[in-house]
Amino acid sequence: MTSCFHCGDPCDEEIISQLEKNFCCFGCKTVYDILNDNDLGYYYELEKSPGTSPKLTEAKFDFLDNPAIAKKLLEFDEGGTQVVSFLIPSIHCSSCIWVLENLNKLHAAVLTSQVNFPEKTVRITFSSEILNLKQLVLSLAKLGYEPYISLDDAQPKKRNHNKTLIYKLGVAGFAFGNVMFLSFPEYFEETEFWLDQFKHLFRWLMFAFSLPVVFYSGQDYFISAYKGLRSKILNIDVPIALGISVLFMRSTIDIILDTGSGFFDSLTGLVFFLLLGKFFQQKTYAYLSFERDYKSYFPMAVTQLFRKTTGAYSEAQTEVHLIKKGDRLLIRNNELIPVDAILLKGDALIDYSFVTGEAVPVSKLSGDKVYAGGKQQGGVLEIEVLKPVSQSYLTQLWSNEIFSKTKTSGFQTITDGISKQFTVAIVSIAFLATLFWLSYDPSKAFNVFTAVLIVACPCAIALAAPFTLGNVLRLFGNKKWYVKEASVIEQIAKVDTLVFDKTGTLTSTHQNSIIYEGVQLSEEEKKLLSTSLRNSNHPLSRSLYKDLKRNNSHTLDDYEEVVGKGIFAKTAQNHIKIGSYNFVTEIVSELEIPNNKQQTAIHISTNDSYKGCYIFNNEYRNGIEDTMQRLAQKYKLIVLSGDNDGELEHLSQLMPQGTEFYFNQKPAHKLHFIKKLQENGKTVLMMGDGLNDAGALKQSDVGIAISEDTNVFTPACDGILDASVFTSIPNFLEASKRGVQIIKWSFLFSLCYNLIGLAFAVTGHLKPVVAAILMPLSSISIVVFTTLMVRWYAGKSINNE
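Residues numbered from 1 in each chain as written. Predicted model: local features only at pLDDT ≥ 70, side-chain atom pairs only at ≥ 80, totals over all residues. Heavy atoms only, no water.

Draft legend 1. Fine view of the sheet that holds strand S11 (residues 348–351). Pairing within the open sheet is antiparallel, and its three strands lie in the order S12-S11-S14. In the strand order of this sheet, the two ends are held by strand S12 (362–364) and strand S14 (375–376), each with one partner. Two elements, S11 and S12, share three bridges in a ladder whose sense is antiparallel. In the strand pairing of S12, Ile350 is matched with Val362. (Pairing = 2+ DSSP bridges. Helix = DSSP H or I, 4+ residues; strand = E, 2+ residues; numbered from the N terminus.)

Quick look at the structure:
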């Protein structure tokens, strides 16, 4: 089969040849001509077939003609120069970067363009006197790099890149290095003239370096400890804050009384390693969003109809959030309906799959109610608004109290779980040792008390979880499971119930399994069927045509498509009806009624004789049966779907025995179902893909969005799973549990260091050099241990395909 030189797609319908190169459409040929004419042919040397066939909907970007709307997208607008940033989901390789950063060679109005590949964005500076924003967007779309513009872009962009942790880590690292350098001579207790002369200066310099470490770099530990104590909770930051305080006060007293150099090296090292652990744990995926709502899915503007004095209507582009009850809107083919409304005019065929999970488009007639979030698949519609976008049935889901809560607020980490016992134990040991020395040698009592609190500071314990979870998080990212934050991994390890959406989660969004039931069609009938389907835009027609495209085409004498019902087509000798069962059997005399009422099907009749139907079954993901069998060994499985139960029998054969099935579930029903499971003591992981799953994902203990393309819309969640690694879900869950086991082993490992340090402390033999060696050594050992164990023990479970 001939492939397109530009995009690599097969040339199914037509082949356009030029300069001994074949193209599938004039769009690809045009892009090639533009690149070739501007001496940018090197584009094709970077990657074979790097282009993407441009698919533009007429008037899709007309809203950019509205200056008020366009202004909200601009980052800079002064003196005829404008700057704008676009999200380009189709950026995927070096050739994409190259062509986008050479836009100035394609259009003189483009001054500069810079691609941020991780975030899939391009920032373009252009002359608004030559090129307006709409023309720029259309130019990008024609190149195959259509910008994704949504209602979320209407709000001012807030870049929340908090670099405070980096600054604090830098201060602590700088101070730690200098204090170690200044305190090094004191470790050997050698008598040397110049050292004796500058000893006091060096000690006060160490004091000065420790001030920003305690009061700036370490301030978060004091704040967290204070909040914990105020809430009557002994979190891990309480003993850490206590250890920092005692280290600083004891060291300050030592240099004031000239009894020693203090423990400033241990103090600065402690804070540095703790912050290093925080930084390592703070893995982020800048190009992914885990907090999206309906605004990321809805259009920025819509076509509004205004009644003139003559009675006719004029069109204007209006921002979606300005639409109010009673307004009249125009919805074109493949446009999204942003509000609840009444259908006034037009044949509606609405795809609600992303909202309800229902896989089949729904037909609506004049006077019917249509809901926000559906996408029109037919012709032009006119609708009258019933509710503004903020009050629609779909957007009301985000008013649920669960969206205002922090999911981890009631979750106790392993580290916080042991902190109470640890704090009580250390303080008790300190007091008991002090009481002993008060009766035996009172001069050592204070030193012993402070030494116990210093050496028992849980630095190694506090580092165990950040480095373990940080390593696991990176391991997941390398395998295409992108987790929002490290604490989610601990929550995953506690899960006992898995809830799956069906459409788009268990099934593939791009494939259908099509089976024909009925009388065998002749070759002539197959050709007529294929030709008729070719002219239809209905998604089921397109899927079936793709399956039948090997058949040659006819020239039709008559063609009519009744939106929501079916197709009538005619040649000189034959005619055919394709569509719903009622549509194709209207004038058929002898019928054999098929037993597939609940199934998605296209029925066929030729020359007034019913032939049969093509039944569409969802194509379930490869390996689903084996994956679910593995999961059923450790978890309770539930399927929670907004679709009908037409595939219950088929799905029951794929899922393990004991799996529970619930169909026709609306978004609010899903949320309450998850809540009820939690009230019954279950820890729930929910996996879904659409807006209809947003509430359930938020309510669940862990919400995972599965996506065919992680660069496009996914609902708010705790993690995003690339659909290509669906079969690895059991491995990811097992790796999470092993990560928690490694943390527990690390606690035992660090306890050994604490016991060794306590032996020095309670006997009154803890010297600065011992603390300087023991505390960094314990921290480094934990870092090495957790890193190696995650790569070997946790990594082995992920790679066990």
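Draft legend 2. Seen up close, a nonpolar patch on the surface. A cluster of nonpolar residues, Trp204, Ile253, Ile256, Leu257 and Phe446, forms a patch on the protein surface that exposes about 510 Å² of accessible area. Relative to the helices and strands, Leu257 resides in the loop between helix H10 (237–256) and helix H11 (264–281). (Patch = residues over 30% accessible without salt bridge, like charges linked within 9 Å, V, L, I, M, F, W, Y side chains within 5 Å. Areas by Shrake-Rupley, 256 points an atom, 1.4 Å probe, with all protein chains shown as cover. Salt bridge = Lys/Arg side-chain N within 4 Å of Asp/Glu carboxyl O.)

Draft legend 3. A look at helix H24 (residues 729–762). Over its 34 residues, H24 extends 49 Å from the first C-alpha to the last, a length consistent with the 50 Å expected when each residue adds 1.5 Å. Following H24 by one or two positions, Gly764 adopts a phi angle in the positive range, close to 80°. (Expected span 1.5 Å × (residues − 1).)

Draft legend 4. Local environment of the pattern of salt bridges. Counted under the stated rule, the structure contains 19 salt bridges. A salt bridge links Lys134 to Asp65, with the nearest nitrogen and oxygen atoms 3.2 Å apart. You can see Lys134 sitting in helix H6 (residues 133–142) and its partner Asp65 sitting in the loop between helix H2 (43–46) and helix H3 (67–73), a full 69 residues away along the chain. Exposure remark for Lys134: the relative accessible area of 17% places this residue in the buried category. (Buried < 20%, exposed > 50% of the residue type's maximum accessible area, 1.4 Å probe, protein only.)

Draft legend 5. Just the packing of helix H9 (residues 219–230) against H10, in detail. With their axes 8 Å apart at the nearest point, H9 and H10 run at an angle of 130° to one another. With respect to their mutual orientation, H9 and H10 come out oblique. As for the relative orientation of H9 and H10, their crossing is left-handed in sense. Where H9 abuts H10, its residues Tyr221, Phe222, Ser224, Ala225 and Leu229 lie against Asp237, Val238, Ile240, Ala241, Ile244 and Ser245. Class assignment of the residues belonging to the contact of H9 with H10 gives a composition of eight nonpolar, two polar and one charged. (Axes fitted to C-alpha atoms, helices over the stretch in contact; angles between N-to-C directions. Parallel < 35°, antiparallel > 145°, perpendicular 65-115°, else oblique. Left-handed = near helix turned anticlockwise from the far one by under 90°. Contact = heavy atoms within 4.5 Å. Nonpolar A, V, L, I, M, F, W, Y, C, P; charged D, E, K, R; others polar.)

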